[in-house]
Amino acid sequence: MNRRKDFNQNICRVTVYDWLRLLATIFVVIGHSAYLNIQTTYGGVAYDLPESVNPIYYSSVLTWLREVSGWVYGFHMPLFFMLSGAVMAIKPLANFDIIVRSKVKRLLIPYFICGWFFMLPIKRLGNFYSNDSLLAALRGFLSGADSGHLWFLTALFWCIIAFVLLKKILDKFKISSCYALIFVSGIIYFTYSYFPFDILGLKTGLSYLIYFALGYVFEIERASHQKWNIKKTTIAYLGMLLIEIINWKYNILNQFFAIIIGSFMTYILADILDRVFCNIDSKRVWRIIIRNLFYVYLLHDPLEYIVLRIFNHYQLLTYSWGCILYTLARTIIIFVITIIIGELISKTKKVIWRFFNS
C-alpha cells in the first residue's frame, strides 16, 4: 500500500493523492487560462482578439493548449470532489460537530476572506467590475451570488455535510455496504433540484455528492486491494488515453462517463508519477508546492483578469513574443506567483500566531 508518514502530521498520508491534487490544480489553472469572454450577475469581461493578432497565436502548439483547456474543463471540478471523498475515506469519520467546525474553518472562512479582500478587489483591477457593480457584488457575495471560482468552497462544504449525515444515518441502520452510499447519492443527484431552498451553493454541493461518494468508495477499494504493477498501470493509462482520443474525435461518451474516464486517467497518471518520483516528498520544493496548492486555487483566477487587461490594453498579442508570454502568464507564471504568495501568507500567519501566543 502506498502510504508514507506525513512530514508534518502523525497521520498516514497517501502520497498518490498529493500528485492527484497537484494535477487537478494544474488542470484548474489551465481550464481558466483560455477564456476571453465571461459574464456574471454583476460583472464580466468581453475581450476580442486584435485584428492584427500575431499568426503564432494560431500555431499548432498554442491552439493545442487552448483545446486542452476545454478538455480539462469537462471533468476537473468533479475530479476535485472525488479527490476530497477519497481523502476523507483514509481515516475513520470524526464526530459530526468536529467535521462541521473543521470545514467551516477550512472552507467557509477562506471563502469570505478571499472573496471580499482578494477576489472581488482584484477583479475590479482587471476591469471585471465597475465601482458601482463592485459594491453590488460585495453584497451579493454574502449569499453566494457572483462567487466566481470560489463556488467550489461552499459547494464542497455542503457536499461534505450531506455525505457525513448520509454515512452516519446508514451506519445507524447498520447498512455497512459502501455502495449504498453511491446508490443514495445517485438518487440525490437526480432529485436535488427539488430541494426547497438554496443558500451558498447548497444545491450545487448536492449535485456533486455522487462524485464525492465515488471517491470515498474508490479509496476504500483501493486500500483493500493489491496494488497494480507498473506494467498493468501503464497499460491501463494507455487504454484510458485511447478512449479519450476516440471520444475527442467521435464524441462517444456522455458527460458522466467522460468525467469518470478523465478522472480515472488522471489518477493513473498520478500513480505513475508517484512511483517514478518515489522520494520526492523529502524535497523542500515539493513540500512548498503541495502545502500551497490550496492558495493556488484561491488566488489564481482573479489574476487571470489582470493578465487579460494588460495584454489587451497594450495590444501585446500583435507580437509573437506577446502571444507566448500571454500563454505562459495565464498558466505557469500565475501558478508560480500564487505558490509564492501562499508561502508568504503561511509564514506571516505563523509569525502572527507566535506573537499572540508568546
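Residues numbered from 1 in each chain as written. Predicted model: local features only at pLDDT ≥ 70, side-chain atom pairs only at ≥ 80, totals over all residues. Heavy atoms only, no water.

S.K.: Any chance you could explain the confidence of the model for the protein chain here in plain terms?
M.R.: Residues shown with low pLDDT carry predicted positions that ought not to be read at fine detail. In this model, the protein chain carries an average pLDDT of 92, and 96% of its residues clear a pLDDT of 70 or more. Within the model, pLDDT remains below 50 along residues 1–12, and this stretch shows 29 contacts once partners closer than five positions in the same chain are excluded. (pLDDT = per-residue confidence, 0-100. Contact = heavy atoms within 4.5 Å.)

S.K.: I tried to follow the packing of helix α3 (residues 76–88) against helix α6 (residues 151–172) on my own but got confused; where do I start?
M.R.: To describe two helices that pack against each other, one gives the angle between their axes and the distance between the axes. The interhelical angle for the contact between α3 and α6, taken along N-to-C directions, is 40°, at an axis separation of 11 Å. For the element pair α3 / α6, the angle class is oblique. For α3 against α6, the interelement crossing comes out right-handed. Of α6, the residues touching α3 (which contributes M77, F80, F81, S84 and M88) are W151, F152, A155, L156, C159, I160, F163 and V164. (Axes fitted to C-alpha atoms, helices over the stretch in contact; angles between N-to-C directions. Helix = DSSP H or I, 4+ residues; strand = E, 2+ residues; numbered from the N terminus. Parallel < 35°, antiparallel > 145°, perpendicular 65-115°, else oblique. Left-handed = near helix turned anticlockwise from the far one by under 90°.)

S.K.: I'm lost on helix α9 (residues 209–224) in this one. Help?
M.R.: Since the α-helix advances by 3.6 residues per turn, residues separated by three or four positions end up pointing in the same direction. The end-to-end C-alpha distance of α9 is 23 Å, a good match for the 22 Å that 16 residues give at a rise of 1.5 Å each. Looking at α9, one finds that the buried residues are L209, I210, Y211, F212, A213, G215, Y216, V217, E219 and R222. (Expected span 1.5 Å × (residues − 1). Buried < 20%, exposed > 50% of the residue type's maximum accessible area, 1.4 Å probe, protein only.)

S.K.: Got a minute to help me understand the pattern of salt bridges in this structure?
M.R.: When their charged atoms lie close together, side chains carrying opposite charge are able to pair. With the rule as written, the count across this model stands at 7 salt bridges. For the salt bridge of R275 with D271, the shortest nitrogen-to-oxygen distance reads 3.1 Å. Of this pair, R275 and D271 both sit in helix α11 (residues 255–276), 4 residues apart, which is roughly one turn of that helix. Take D271: its relative accessible area is 7%, and that puts it in the buried class. The salt bridge partner of K347 is E343, with a shortest N-O separation of 3.6 Å. Note that K347 and E343 are positioned in helix α14 (residues 320–356) at a spacing of 4 residues, about one turn of the helix. Taking the relative accessible area as the measure of exposure, E343 reaches 10% and is therefore buried. (Salt bridge = Lys/Arg side-chain N within 4 Å of Asp/Glu carboxyl O.)

S.K.: Would you take a moment to explain the side chain of E244 for this structure?
M.R.: Following the sequence through the fold, E244 ends up in helix α10 (residues 230–250). No salt bridge is formed by the buried E244; its nearest oppositely charged neighbour, K249, is found at 15 Å. Looking at E244, its side chain comes within polar contact range of the side chain of W71, at 3.0 Å. Contacts of E244, omitting those with residues within four sequence positions, involve W71, A258, I261, G262 and M265. (Lys, Arg positive; Asp, Glu negative; His and termini not counted. Polar contact = N/O pair within 3.5 Å; in protein donor to acceptor, adjacent residues only side chain to side chain.)

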